[in-house]
Amino acid sequence: MIRACALVLAVAVAGCASQAADRAAQDDVRKAGSTLPRVVSINPCVDAVLMQVAEPGQIAAISHYSQDPRATSIPLEQARRFAATSGTAEEVVAQAPDIVIAGAHVAPATIAALHRMHIRLVQIGVPESIAESQEQIRTIAAAVHQRQRGERLVARIDAAVRAASAQQGSTPAALIWQGGGLVPGEGTLASELLSRTGYRNMSPAYGFKRWDVLPLEHLVARPPQVLLSVGAEDSNDRMLRHPVLAGLRQAIAVRRYPERLLHCGGPTIIDAVGHLARIRRAL
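All values derive from a computational prediction rather than experimental measurement. (Residues numbered from 1 in each chain as written. Predicted model: local features only at pLDDT ≥ 70, side-chain atom pairs only at ≥ 80, totals over all residues. Heavy atoms only, no water.)

Asker: What am I meant to see in the overall build of the protein here?
Answerer: Helices and strands together make up the secondary structure of the protein, namely 11 helices and 11 strands. Across the 283 residues that make up the protein, the buried fraction comes to 45%. Considering only intrachain contacts with a sequence separation of at least 6, the fraction spanning at least 24 residues in the protein is 61%. Working note: accessible area of the protein is about 15,100 Å², and carbon and sulfur atoms make up 54% of it. (Helix = DSSP H or I, 4+ residues; strand = E, 2+ residues; numbered from the N terminus. Buried < 20%, exposed > 50% of the residue type's maximum accessible area, 1.4 Å probe, protein only. Contact = heavy atoms within 4.5 Å. Areas by Shrake-Rupley, 256 points an atom, 1.4 Å probe, with all protein chains shown as cover.)

Asker: I keep staring at the sheet that holds strand β10 (residues 226–230) and nothing clicks. Help me out?
Answerer: Pairing between the strands of a sheet is mediated by backbone hydrogen bonds and can be parallel or antiparallel. The sheet built from four strands is open, its strands ordered β8-β6-β10-β11 with parallel pairing. Strand pairing shows two members of the sheet lacking a second neighbour, β8 (200–201) and β11 (253–257), which therefore form its edges. Sitting on the sheet, helix α8 (residues 189–196) touches β6 (173–177), β8, β10 and β11, and the angle it makes with β6 is about 145°. The strands that helix α11 (residues 268–282) touches are β10 and β11; relative to β11, the one it contacts most, it runs at about 160°. (Pairing = 2+ DSSP bridges. Axes fitted to C-alpha atoms, helices over the stretch in contact; angles between N-to-C directions.)

Asker: What exactly am I supposed to notice about the environment of R256 here?
Answerer: By the element assignment, R256 lies in strand β11. With relative accessibility at 36%, the residue R256 sits in the partly exposed group. Spatially, the C-alpha atom of R256 lies 9.4 Å from that of I279, the residues being 23 residues apart in sequence.

Asker: In this structure, what is going on with helix α7 (residues 147–164)? I would like to understand it.
Answerer: Since one α-helical turn is 3.6 residues long, residues separated by three or four positions face the same way. For α7, spanning 18 residues, the distance from its first C-alpha to its last is 26 Å, which sits close to the expected 26 Å at 1.5 Å a residue. Within α7, burial applies to G150, L153, V154, I157, A160, V161 and A164. Considered in projection along α7, the buried side chains sweep an arc of 125° and stay on one side of the axis. Facing away from the buried side of α7 by over 90 degrees, the exposed positions are Q148, R162 and A163. Along its buried surface, α7 packs onto α2 (44–53), α6 (130–143), α8 and α11. (Expected span 1.5 Å × (residues − 1). Arc of directions from axis to C-beta.)

Asker: Looking at this structure, how should I read helix α5 (residues 108–116)?
Answerer: Along α5, the residues that are buried comprise T110, A113 and L114. Taken around the axis of α5, the buried residues stretch over an arc of 100°, which confines them to a single face. Of the exposed residues in α5, the ones pointing more than 90 degrees away from its buried face are P108, H115 and R116. Contact partners of the buried residues in α5: α4 (89–94), β4 (99–102) and β5 (120–123).

Asker: Please clarify how the state of the cysteines should be interpreted in this entry.
Answerer: What we call a disulfide is simply a covalent bond connecting the sulfur atoms of a pair of cysteines. What the rule picks out here adds up to one disulfide. Two residues, C45 and C264, share a disulfide whose sulfurs are 1.9 Å apart. Between C45 and C264, the S-S torsion sits near -75°, and that sign places the bridge as left-handed. Of the two residues, C45 sits in helix α2 while C264 sits in the loop between β11 and α11, which places them 219 residues apart along the sequence. (Disulfide = S-S within 2.5 Å.)

Everything listed here is a matter of geometry and, on its own, says nothing about what the molecule does.
Right, dumping it as structure tokens:
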């Protein structure tokens, strides 16, 4: 009888110890989660990366541009799940973040306020290549303590670029043309995306710099084979609706290039190379 009671007691003690260990493990997980830094982004391109690498609970606020249909690089329904700021010092500090990630240009008042509050500021410039964009992803992922997620996003970009690469055939001369005639030249991310997907950027043939304005006269004299028109279909831009351009549609392929694909790297590269590859295959 005594031995039986002792056995029951031992089992009960072991069960309690096991439950205590489970509770301790759950507490450790919760504590580990609570140590992940809270981040405020005041740049729409950074927002797009954070959606891929950060836990939603880490994102205290995003840029107000990401909630604007004309400027967002992420789905609106996703952007509207988060608070948004215009990047003022008062708005950012009110979110009590551990870190703020911004573009290359930040208001001096915001920088001073972050410094006074001992809030870390990470600034990300405009990437000029796929490799530079991938390094920025690693920087953002490291800042929010999510390095593995950053590496997975980098791998997805590599896979998308490989899938969109042209293995054979001609390289049609192409031009990405924004409203007002602004075009990206060599040394830009847009130019590398064209090259990787089987096009030849026509901009250097005009003697242009990294970003330059293309007059209609140049376009008429030396038209590209493919004109990738940036902006909405209902754009009221005067140059996009010029009669001369309408006449050129018989000689060149005019295709739409969504504006959101032009200004950001990160996961936007995946959509951009896919879009460019589909256009080229359908030519």
